[in-house]
Each structure stands twice: as C-alpha cells, then as structure tokens.
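Coordinate inspection notes
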Amino acid sequence: MNLFDSQTKKFIKDLQVGQQVDAYYKLQALDKRLKKDGTSFLAIELMDKTGKIPAKIWENAEASLKILKPGNVYRLKGYVNEYMNKKEIKVDSIRPASTSDKDFDAGDFQETCNFDAGDMFGRLIDAAKSNLDKPYLLQLVDGFAAAYGDKFKTHYGAQKIHHAYLGGLLEHTYSMMQLAVFIAGHYKLDKELLVIGTLFHDVGKIYEFTITPVPQATMQGGLVGHIVLGNAIFLELKNKIQGFPEELSCKIQHLIISHHGEKEFGSPELPMIPEAYALHVIDLLDSRVKIMEEAIKNSETGGLFTDYIHALSRRLYVEKGEKEGKG
Ligand SMILES: [Fe+2]
Ligand SMILES: [Fe+2]
C-alpha cells in the first residue's frame, strides 16, 4: 500500500484548516511547555520546501520528546487547526521517517532559492571589482571569493527575520552592492570604501549561525557575533596583502563594525564617516523592505493588515490585488 499517496501528501503551503494530515515534515524547533493542569505539551515548528507551520503535541509529550530532534524528518498524523488566525497542526501521532518509507523524498525538505547562486555570486564579484582601482583592494576581493565564496553563496541572510533562506546572504549583499555604487556616485563618496564595506559587512554570518540541519546560533555567533567575526575575516585576508594602507584598513573596519548604526543594536561605534552612515542606511533599507515583502506575501490573517511585526513595530497593509498577483 502506498503510505503517502497523492491524497495525503500535502505540502505546507497547501494545507487548509480542518484538513487531515498524514505527511513527512522536518522538525525546525521544539519547545516543552506546561498545560494548566501542570502536565506538559510540546509546541513545535515544522517545515518543508514550501514553508513552515507551527504544531502542538498535546498528549504523551515526554515520550515524543525522546524521539524528537530538530533537523530530523518525521512522519506525522493530525489535523489542521486555526489558532490566533493562523494555521497550526494538532499532532495525533508522530514517528521518525525511516529509509524504508518508500515515498519519502529528502528533496522535499531542502529549501532552494529562486535564482542561480553561482551566477549571482559572479555578478557580485564583478560589480565589486569593476568599481575598484586599487590593486590591494582587487586582491582583497579575490581573496574573499577564494576563501569564503562557497559558504557565502549558500548561507542565509538571517536565522529568521529577513532573507532566511539559501542564498539569502548573497541576495542581500548583491542588492546592497547595486545601491552602494549608485549612492557613492550620487553623494560623491569614496566608492571603493563603500563597495568593500558592503561586501564584508555581513560575511561574519557564515560563522554566526549554522543553516543545517536547522538555523541555529553557533558558540562564536552567540559569544562574539557577526560584526566582530566579519571584522576578523577582513583582517585575516588583509594581513596577507603586502603594503595594505593602515588608514584604509581602519576605515574598512569602521564600516564593518558600525553597520548596525547604534550601540544598542550591536555596533561598538556609531558611523563616524559618511560612507559608514551610507552603509548602515543601505543595510537597513534592504533588510526592512525585504521584511515587508515577506510579511505581506506570507500574511495569513485574511484581512487588510498583517499581524503585528515586532521587527518593524507595526502592522502592514496587505493590498489584496498585489498579494494575489504575487502568489
Ligand atoms: Fe549585520
Ligand atoms: Fe546586512
């Protein structure tokens, strides 16, 4: 018998409230909580290549806890509920997926990006180099591509909030690079400095968190953070280049470490030169517009406004025609 026929195989984006579920999903996150009677239940998050959905395991939480590990794929049965205007799965039974499950397809749990990351990385490096003259900066970009290109191409832009998918860091940086070149020309800034600052500003994210099996902070990520890690990557590459000017090195470091704009957001210094301020604003613009696009596209309220978005401290207006048009 086909355990996973076309009537039960459901991708997360297609799930409807009231529907029975019998499918494989990857466990993203797991949280043990207490019910009012003092016994425990599990609040979990599931994903497949089409999206994510919260789920609850109300019964036998302790037994389930023993078999659940974020990053692994499980076969579960249950049904789709609605809670606080959002879909979630009430799980009736859950077990690890096994290699003997004939219809299990590992490809269903791998996120992909909707662009060719190798091609976009080539365009990023070309965009950087075509705006540089100084030989030691060209050497720096070559060093970056050779040492960090492979990781950089596939990493997420963030664990959760924006660009949280394969290639997200690259897409974010390439988008910013185009803005940086334009803004440097418009304000007559030091274009070479802004281009290098843009390229390196978030490279520390490749060590800040893992993306497999699930996005998760690393020890360095939690204790040091991507700003300082990115600065260390720049210094490591710069130190291999003979005669790299000290003032330029300091300015590049300043762009990297001040790009969050405020001390309360993790930058040890405020932007103190126009190029650093421009980098901060470009970063903010690119990440915030992306948060807005993703929130509007994924809104499940069914109404004219999204849920409250903490990262932006507001709800967003969902233009119906736009949302449906984008699909
Ligand atoms: Fe950052
Ligand atoms: Fe960024």
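Higher on the page you've got the structure.
One structure accompanies this document, and this report is about it. (Residues numbered from 1 in each chain as written. Chains lettered and ligands numbered in written order. Predicted model: local features only at pLDDT ≥ 70, side-chain atom pairs only at ≥ 80, totals over all residues.)

Before going further, it helps to examine the overall build of the protein chain. When its secondary structure is counted, the protein chain shows eleven helices and seven strands. Judged by the C-alpha coordinates and their principal axes, the protein chain covers about 70 × 45 × 40 Å. Scored against the burial criterion, the 327 residues of the protein chain give a buried share of 31%. In the protein chain, the proportion of contacts linking residues at least 24 apart, taken out of those at least 6 apart, comes to 55%. (Helix = DSSP H or I, 4+ residues; strand = E, 2+ residues; numbered from the N terminus. Buried ≥ 20, exposed ≤ 12 C-beta atoms within 10 Å, placed from the backbone. Contact = placed C-beta atoms within 7 Å.)

With 13 residues, helix α8 (residues 226-238) extends 18 Å between its outermost C-alpha atoms, agreeing within 8% with the 18 Å of an ideal straight helix rising 1.5 Å per residue. Listed in full, the buried residues belonging to α8 are H226, I227, L229, G230, N231, I233, F234, L237 and K238. Buried residues belonging to α8 abut α3 (135-154), α5 (191-200), α6 (205-208), α7 (219-223) and α9 (246-257). (Expected span 1.5 Å × (residues − 1).)

Bringing the packing of helix α4 (residues 168-187) against α5 into the picture now. In contact at an axis separation of 9 Å, α4 and α5 are set at 165 degrees when each is read in the N-to-C sense. Between α4 and α5, the angle falls in the class roughly antiparallel. Both α4 and α5 take part in a crossing whose hand is right-handed. Every residue of α5 that contacts α4 at T173, M176, M177, A180, V181, A184 and G185 is listed here: K191, L194, V195, T198 and L199. A per-class count over the contact of α4 with α5 returns eight nonpolar, three polar and one charged. (Axes fitted to C-alpha atoms, helices over the stretch in contact; angles between N-to-C directions. Parallel < 35°, antiparallel > 145°, perpendicular 65-115°, else oblique. Left-handed = near helix turned anticlockwise from the far one by under 90°. Nonpolar A, V, L, I, M, F, W, Y, C, P; charged D, E, K, R; others polar.)

Moving on, we get to unusual backbone geometry. Glycine aside, residues mostly have negative phi angles, and peptide bonds mostly take the trans form. Positioned with a positive phi, N60 is a non-glycine residue whose angle comes to about 50 degrees. Note on placement: N60 falls in the loop between β3 (51-57) and α1 (61-67). Note on N60: 14 C-beta atoms within 10 Å, which makes it partly exposed. One non-glycine residue with positive phi stands out, namely S313, at about 55 degrees. Inspection of the secondary structure puts S313 in the loop between α10 (274-298) and α11 (320-326). Residue class for S313 comes out exposed when judged on the 7 C-beta atoms lying within 10 Å of it.

Moving on to the environment of I309. Of note, I309 is situated in the loop between α10 and α11. Residue classification places I309 among the partly exposed residues on the basis of 16 C-beta atoms within 10 Å. Along the chain, I309 and A106 lie 203 residues apart, while their C-alpha atoms are 32 Å from each other. Once residues lying within four places of it in the same chain are set aside, the contact partners of I309 are I291, A295, R314, R315 and L316.

Keep in mind these numbers describe shape, not what the thing actually does.
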